[in-house]
Each structure stands twice: as C-alpha cells, then as structure tokens.
Amino acid sequence: MSTRILLIAHAPLANALRECALHVFPECAQTVIAIDVPPDEPPEQTLAHAKQLFDGQNQQETLVLTDVLGATPANVAQKLVDDVQSRLIAGVNLPMLLRTVCYRHENVDALAKRAIDGGAQGVLEVEVSKSTKTN
C-alpha cells in the first residue's frame, strides 16, 4: 500500500505541484491530494475542508507537505495531523514532491526522510556560461 501524500499550500501552489507530479507520474492521482488555501478563507474553514478529505480516506499513513512554516497552511496542517499516523514537512518544492511520489510505497518515516533529502538536493546554483549571457 502506498503512503498518501497531502499537499496543503497557499493557492494555487498545492494544485499546481500536484499537476506537475501527475504529469510525470499519472498513476499517482489517487495517492496525491492537494488543498489550496485561498487568501480570504478563515483557517477554521480550511481545517474543516482538510478534515473532510482525511475522514474520507482510510487510516492510511500520510505525508503532509506544506509551503511555509508558521503560515496558515502549515498551521492548519499541524492541527490536521495531530491524531493521525503522519509526518509534516514544511518547505515543499517540486523535487521534494517528485521524490516522495517516486518512493510512495515506503512507510511514512522513510518517505519523510526522502522528502527532505529530495527537497534539499533539488536546490542548486546553476553555473551560467558567459556565452549565454546577454549585455
């Protein structure tokens, strides 16, 4: 069984990341869930929506990825995962998500480590040759 992956981020980031993941791994549509948090939505409403999605699933292990620690999506995610077998990671990026989708068959603890490694390894400064720079 696959570990479920929940993206919760400022709109439209969560669904945009999900669509990118589905572009590469179309078979993961049932595994990756996205919740975009609109700027004008009260946190209580976002939490209620997220709980509905969680309650609609079985007690599957869940890796929750959010964008900014301390922001509304992360705060909602913290409340959401309190009583669920899950891990929460802030700072989501596309390399992190692709790594987690690729290894979604692993347990949530192993997947959390892979997510952090994938996210960090995906951030690199790319050298630009002088011949490609314009004046």
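Up top you'll find the structure we're talking about.
Residues numbered from 1 in each chain as written. Predicted model: local features only at pLDDT ≥ 70, side-chain atom pairs only at ≥ 80, totals over all residues. Heavy atoms only, no water.

**Here's the deal with the pattern of salt bridges**
Moving on, step 1. For the structure on display, the rule yields five salt bridges.
Moving on, step 2. Between Glu 27 and Arg 104 there is a salt bridge whose closest N-O contact spans 3.3 Å. Linking Glu 27 in the loop between helix H1 (13-24) and strand E2 (32-37) with Arg 104 in the loop between helix H4 (94-102) and helix H5 (108-121), this pair joins segments that are 77 residues apart in sequence.
Moving on, step 3. Of the charged contacts in the structure, one is a salt bridge between Glu 106 and Arg 114, with a shortest N-O distance of 2.9 Å. (Salt bridge = Lys/Arg side-chain N within 4 Å of Asp/Glu carboxyl O. Helix = DSSP H or I, 4+ residues; strand = E, 2+ residues; numbered from the N terminus.)

**Brief notes about the sheet that holds strand E1 (residues 4-10)**
Consider a sheet: its strands pair through backbone hydrogen bonds, and that pairing is either parallel or antiparallel.
Moving on, step 1. Pairing is parallel in the open sheet, where four strands are placed in the order E2-E1-E3-E4. Every interior strand has two partners, whereas the edge strands, E2 and strand E4 (86-90), have only one. Going across the sheet, the axis of each strand differs from the next one's by a mean of 15°, ignoring polarity.
Moving on, step 2. Here five bridges tie E1 to strand E3 (residues 62-66), and the two strands are oriented parallel to one another. Bridge pairing in E3 links Leu 7 to Leu 65.
Moving on, step 3. Packing of helix H3 (residues 72-80) onto the sheet brings it into contact with E1, E2, E3 and E4, and relative to E1 it is tilted by some 145°. (Pairing = 2+ DSSP bridges. Axes fitted to C-alpha atoms, helices over the stretch in contact; angles between N-to-C directions. Contact = heavy atoms within 4.5 Å.)

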